[in-house]
Structure formats: C-alpha cells, structure tokens
Amino acid sequence: MKITVLSLFPEILEAYFASSIMAKAIERGTMVAELVNIRDFATDRHRTCDDAPYGGGPGMVMKAEPLAAALDSVQSASAATEGMRTIYPTPSGRLFTQHDAERLAVEEHLLFICGRYEGIDQRIVDLYVDEELSIGDYVLSSGEIASLAIIDAVYRLIDGVIRSESLIEESHSAGLLEYPHYTRPEVFRGLKVPDVLLSGHHAEIKRWRSARMREKTKAVRPDLLAESERICDERSEEPNGRNQGN
Ligand code: SAM
C-alpha cells in the first residue's frame, strides 16, 4: 500500500514513518510512504497557504490553490496507480471505526490531507475528497495526528505487517472489548495473576477470556454488545464460519 500525506508540517509525521513497525513495513516494501509539503506548491513570495474566511468570522482557512496544485502533482505522478482514495480527516466527518480501517486496508493508495486553522476551502472537498472522517467527537488543532491515527489503524491490518493471530481477539474486531492481559511476575504489589491463566487449561482460559470480554463491554460500552451479536450471527452463517467447530 502507498500512503501519501499532504501537510504544512510534514516534519511532525517523519518520526512516525521512520520508527518501529511502520519503518520495518517500509523497509520490506509492504508500505510506501510519501510526505508532501503543501507550502512547496504556494506560488507567492511569502508561500501563503491560508487566508481569511469569506463571510467573516474567526480564524483562517487553508487556500484552495496550493492544495489543488499539491493534489494534482500527486495524481499525475501516480497515474499508473489505480484506486487512490483521498481522505480528509475532519471533526465534521463521519466517525472512523475499525470497520473503516478494515475497508481501507485493501486499498492500493491512500492520500490524506492534513487540515489546520478552521480547515480547508470547501471546494477542495468538493473536487478531490472521497471521504471525510472524524477520529472522535473532539477538536484537535490540526490533521496530522488525526491522519496518523487512521493510518496506524489501517496499515497494521495489511497482510504481513503484524502477526494475524494478534488481530483476532482485539477490541472492536468482533464488536467486543478485549480481555485483560498479564505477564510475569505472578504477583505484583500483592495482586496475583488469575489462577485460570496459570492452569494451562486452554478451554478454561478461552471461556474466562470470553466472559471478561462480555463483562468489560457491558460495563464500558453496552452499545457494542448488539453489534457483537450481529457479527457472531453473520460469521456462524458463513459456509466456513469462524465460529463453527470452535
Ligand atoms: N473548524 C473546524 C470545525 O469546527 O469542524 C475545526 C478545525 S481543526 C481546529 C483543524 C484541523 O484539525 C481540521 O481541519 C482537521 O484536519 C483536524 N481535526 C481536528 N479534529 C479532528 C477530528 N476529531 N477528527 C479528524 N480531524 C480532526
């Protein structure tokens, strides 16, 4: 998968792409990352990328021309790449979920536009953007962190990035929140690891984990339980349903 990010401050993103699992995925060729500085496409002496909003009001708006020039340059350079999807993270977008991460993980090329100030000129959204996604019901000062949140949720689902077993029982993968984890030592500050996890009895451990998942989801996110039941029903209806024989 190729990821292109358009930003006024690409240096914010550089460390992420140069570190940890993402850096390894780039090294292996599973991922290709491209950071584009929108300011490189501003044409005036001061390389201006923002202006006051028509109609008045506070703040500034990211101008259409430098953004359009940056987007055109990415599009023409990747003419051979099919299926580029352009995403504008914004608090006024649809709420991004694990389901969106799974959907986007099969795309060939994702392009993110990082907003600043009051956001970007609406005509860029009208002309170039495929989807507007919000990472939550709060307002960040810029789109770099929101873009990284989406990128991070997406790329870890791509085959070969992390071990697929790690993804199976994760929070939100089947609608429930995950069970608690423990590692050595057995006793920490008087708190002991639950006996069942030391028993070596796999069926019992599985039952205990399922019960904790339901308990935690009911306590923290009861709204997710109905969705989880829907996913379970759907899977058990598949010819090779993941629930069958378990
Ligand atoms: N005026 C905008 C509004 O009220 O909807 C908020 C603009 S915000 C200060 C600047 C930029 O941060 C946005 O253009 C967007 O790219 C990003 N951003 C802020 N909060 C976000 C969120 N919850 N989800 C996704 N992007 C967000």
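Residues numbered from 1 in each chain as written. Predicted model: local features only at pLDDT ≥ 70, side-chain atom pairs only at ≥ 80, totals over all residues. Heavy atoms only, no water.

Caption draft 1: View of the pattern of salt bridges. Here the structure, examined in full by the defined rule, presents 16 salt bridges. Among the salt bridges present, the one from D195 reaches K192, with a minimum N-O distance of 3.0 Å. A residue is classified by how much of its surface remains accessible, and D195, at 57% relative accessible area, is exposed. Residues R212 and E215 are paired through a salt bridge, measuring 3.0 Å at the closest nitrogen-oxygen approach. Here the residue R212 and the residue E215 both occupy positions in helix α9 (residues 202-220), the gap between them amounting to three residues, near one helical turn. With a relative accessible area of 22%, R212 lands in the partly exposed category. Through salt bridges that share partners, R85, R94, D100, R103 and E131 make up one connected network. (Salt bridge = Lys/Arg side-chain N within 4 Å of Asp/Glu carboxyl O. Buried < 20%, exposed > 50% of the residue type's maximum accessible area, 1.4 Å probe, protein only. Helix = DSSP H or I, 4+ residues; strand = E, 2+ residues; numbered from the N terminus.)

Caption draft 2: Structural view of the domain arrangement of the protein. You can read the domains of the protein as domain 1 (2-155) and domain 2 (175-244). Each of domain 1 and domain 2 has a C-alpha centre, and these two points are 36 Å apart. (Domains from an automatic or database assignment.)

Caption draft 3: Just the site of the ligand, in detail. Taken together, 19 residues are adjacent to the ligand, and Y88, P89, E118, Y138 and L140 come closest. Within the backbone of I135, a nitrogen or oxygen atom sits 3.0 Å from a nitrogen atom of the ligand. Bound to the protein, the ligand loses 84% of the 580 Å² it would expose on its own. Put simply, the parts of the chain that give the shell around the ligand at least two residues each are β5 (84-95), β7 (131-134) and α6 (143-155). Sort the elements by how many residues they give to the shell around the ligand and β5 lands first, with four residues. Partitioned by chemical class, the residues of the shell around the ligand number 10 nonpolar, eight polar and one charged. (Near = heavy atom within 4 Å. Polar contact = N/O pair within 3.5 Å; in protein donor to acceptor, adjacent residues only side chain to side chain. Areas by Shrake-Rupley, 256 points an atom, 1.4 Å probe, with all protein chains shown as cover. Nonpolar A, V, L, I, M, F, W, Y, C, P; charged D, E, K, R; others polar.)

Caption draft 4: Summary view of the packing of aromatic side chains. Following the criterion strictly, the structure yields one aromatic pair and no others. With a centroid separation of 5.2 Å and 85 degrees between ring planes, the pair formed by Y16 and F17 is classed as edge-to-face. Across the pair, exposure class does not vary: Y16 and F17 are buried alike. (Phe/Tyr/Trp six-rings, centres within 6.5 Å; stacked < 30°, edge-to-face > 60°.)

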